[in-house]
Amino acid sequence: MGTTYRCWTLPKAGSFQKLTLTTRSIPSSLEPTQVRIRVKAIGLNFADVFAITGLYSATPSGAFTPGLEFAGEVIECGAEVSHLKPGDRVMGLTRFGAFSELVDVAENQCSLLPEGWSWSQGAAFLVQALTAWYALYELGNLKPGQQVLVHSAAGGVGLQALNMISRAKANPIVCVGNQQKLDWLKEQGYSDGLLRDQQHFRRELDRVLDGRPLHLVLDGIGGVIQRHSFDALAPTGRLVTFGAAQYTPGKNKPRWLKTLWLYLTRPRYDALSMISDNKSVCGFNLIWLWQHIELFQQMFEQLEQMSLPAPLVSAEYDFEQMPAALQWLRSGQSIGKVVVTVPDEFSV
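Bear in mind that the values here come from a model prediction, so they are computed numbers and not experimental data. (Residues numbered from 1 in each chain as written. Predicted model: local features only at pLDDT ≥ 70, side-chain atom pairs only at ≥ 80, totals over all residues. Heavy atoms only, no water.)

Caption draft 1: Fine view of the packing of aromatic side chains. Applying the stated criterion to the full structure yields eight aromatic pairs. Between the aromatic rings of Phe242 and Phe284, the centroid separation amounts to 6.2 Å while the plane-to-plane angle is 40 degrees, which identifies the pairing as tilted. Within this pair, whereas Phe242 is found in the loop between strand E12 (233-241) and helix H8 (256-264), its partner Phe284 is found in the loop between strand E13 (280-283) and helix H10 (286-289), the two being separated by 42 residues in sequence. On the accessibility criterion, Phe284 (12% relative accessible area) is buried. Between the NZ or CZ atom of Arg266 and the centre of the ring of Tyr263, over which it lies, the distance is 4.0 Å. A cation over an aromatic ring shows up here: Lys279 above the ring of Phe230, its NZ or CZ 5.3 Å from the ring centre. (Phe/Tyr/Trp six-rings, centres within 6.5 Å; stacked < 30°, edge-to-face > 60°. Helix = DSSP H or I, 4+ residues; strand = E, 2+ residues; numbered from the N terminus. Buried < 20%, exposed > 50% of the residue type's maximum accessible area, 1.4 Å probe, protein only. Lys NZ or Arg CZ within 6 Å of the ring centre and 35° of its normal.)

Caption draft 2: Representation of the packing of helix H3 (residues 126-139) against helix H4 (residues 156-167). Put simply, H3 and H4 touch, their axes get as near as 8 Å, and they point 50 degrees apart. By the angle between their directions, the pair H3 and H4 is classed as oblique. In this structure, the crossing between H3 and H4 has a hand that is right-handed. Facing Gln128, Ala129, Thr131, Ala132, Trp133, Leu136 and Tyr137 of H3, the residues of H4 in contact are Gly156, Val157, Gln160, Ala161, Met164 and Ile165. (Axes fitted to C-alpha atoms, helices over the stretch in contact; angles between N-to-C directions. Parallel < 35°, antiparallel > 145°, perpendicular 65-115°, else oblique. Left-handed = near helix turned anticlockwise from the far one by under 90°. Contact = heavy atoms within 4.5 Å.)

Caption draft 3: Spatial organisation of the pattern of salt bridges. Inspection of every chain in the model, using the stated rule, returns ten salt bridges. For Arg207, the salt bridge goes to Glu204, with nearest N and O atoms at 3.0 Å. Within this pair, Arg207 and its partner Glu204 are both found in helix H6 (residues 201-209), separated by three residues, close to a single helical turn. According to the relative accessible area criterion, Glu204 is partly exposed, its value standing at 24%. Salt-bridge contacts for Arg227 lead to Asp231; the nearest nitrogen and oxygen are separated by 3.2 Å. Taken together, the positions of Arg227 and Asp231, both in helix H7 (residues 223-232) and four residues apart, correspond to about one turn of that helix. (Salt bridge = Lys/Arg side-chain N within 4 Å of Asp/Glu carboxyl O.)

Caption draft 4: The arrangement of the side chain of Thr53 in detail. Note on placement: Thr53 falls in the loop between helix H1 (46-52) and strand E4 (69-77). Residue Thr53 is classed as buried on the basis of its relative accessible area, which comes to 2%. Looking at Thr53, its side chain comes within polar contact range of the main-chain oxygen of Phe50, at 3.3 Å. If near-sequence neighbours (up to four positions away) are discounted, Thr53 is found in contact with Gly14, Ser15, Phe16, Pro249, Asn252, Lys253 and Pro254. (Polar contact = N/O pair within 3.5 Å; in protein donor to acceptor, adjacent residues only side chain to side chain.)

Caption draft 5: Just the pairing of strand E6 (residues 102-106), in detail. Burial analysis of E6 places four of its five residues in the buried class, the great majority of the element. Both strand E3 (residues 34-43) and E6 contribute to a ladder of five bridges, which runs antiparallel. Counterpart to Arg36 in the pairing with E6 is Asp104. (Pairing = 2+ DSSP bridges.)

Caption draft 6: Structural context of helix H12 (residues 322-330). Along H12, the positions that sit buried rather than exposed are Met322, Ala325, Leu326, Gln327, Leu329 and Arg330. Contacts from the buried residues of H12 go to strand E1 (4-9), E3, H1, strand E14 (313-318) and strand E15 (337-341). Backbone geometry just downstream of H12 places Gly332 in the positive-phi region, at approximately 80 degrees.

Caption draft 7: A look at the nonpolar core. Grouped together as the largest cluster of nonpolar side chains are 97 residues, with contacts concentrated most on Ile42 and Leu44. Ranked by residues supplied to this core, first place goes to H3 with ten residues. In this structure, Ile42 is in contact with Glu69, Phe70, Ala98, Phe99, Ser100, Ala123, Phe319, Met322, Val338, Val339, Val340 and Val342, ignoring residues within four places of it in sequence. (Core = buried A, V, L, I, M, F, W, Y, C linked by side-chain atoms within 4.5 Å.)

Caption draft 8: Focus on unusual backbone geometry. Look at Phe96: it is not a glycine, yet its phi comes out positive at around 75 degrees. Tracing the backbone shows Phe96 in the loop between strand E5 (89-93) and E6. For Ser152, which is not glycine, the phi torsion reads 50 degrees and is therefore positive. Along the polypeptide, Ser152 turns up in the loop between strand E8 (147-151) and H4. With a relative accessible area of 29%, Ser152 lands in the partly exposed category.

Next up, the structure:
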């Protein structure tokens, strides 16, 4: 191993064009509770797109390295680390910093890679699975027999949610942005589905429901579609929102006028009306949960007990192709997860 490593950095959030591949010295020391990971793969998320362009509330105010999840090999352990050792294959989370050949993270932010999983599959799992689990079980109170509408169902979170809904013996209804994704999901066995079409969405949703009550909605889109989804909920129904993909920036930076218009016309929910209609809206941002260690560990344990299948990785890019990988994710055309793979050796 050399004395330097590479990472993608920004001097300040605001534009994809500011993202630069930088060389840094490997730190000489490691915190007692931390492990040092040689990163093998990096999972990309819409939160990365929003953080880079300055639209994510948790984005650091100054220079930073983006990235929330990774998979790699433990190469060094702090003095108080007790459950991991050098050579372990792990997947992990970090509050930014994953767009790198090397990461130092707390031991409790890592989990052993399941037997037979590739580095890319490990890097594609935790953010999506934890998001789906928290939305469905902690907030959504998922029960057998319920009808559950999943927006962006062909994405990373959506596919994990579909696995969990099916295992809970509930009935998933998929919603996606184009016919190709809808056809693909039907091939996977999800027969109840519709397109994300503002003009016809509510009518199509009623057709798919065919008189069945809608109990739960998972939404990472926002806007008109979210409002129609909420209105379609049956009494005691819940809408869980964890993103706002309708604000996705342009190729290089946010489209501020469009973003402002979408913000001003966003759905608003009245508490008194929710009492009268017996419906709920819940929202969360996964990154803010990381400061609650006990809850975080409970979520890790629940995922391990579920023994979920390896996630679908539909696109892999080389480390040097990070900007292109982010643009493919931003386009909304990908199915499953977009992953960036990292070379075996650090730069020297």
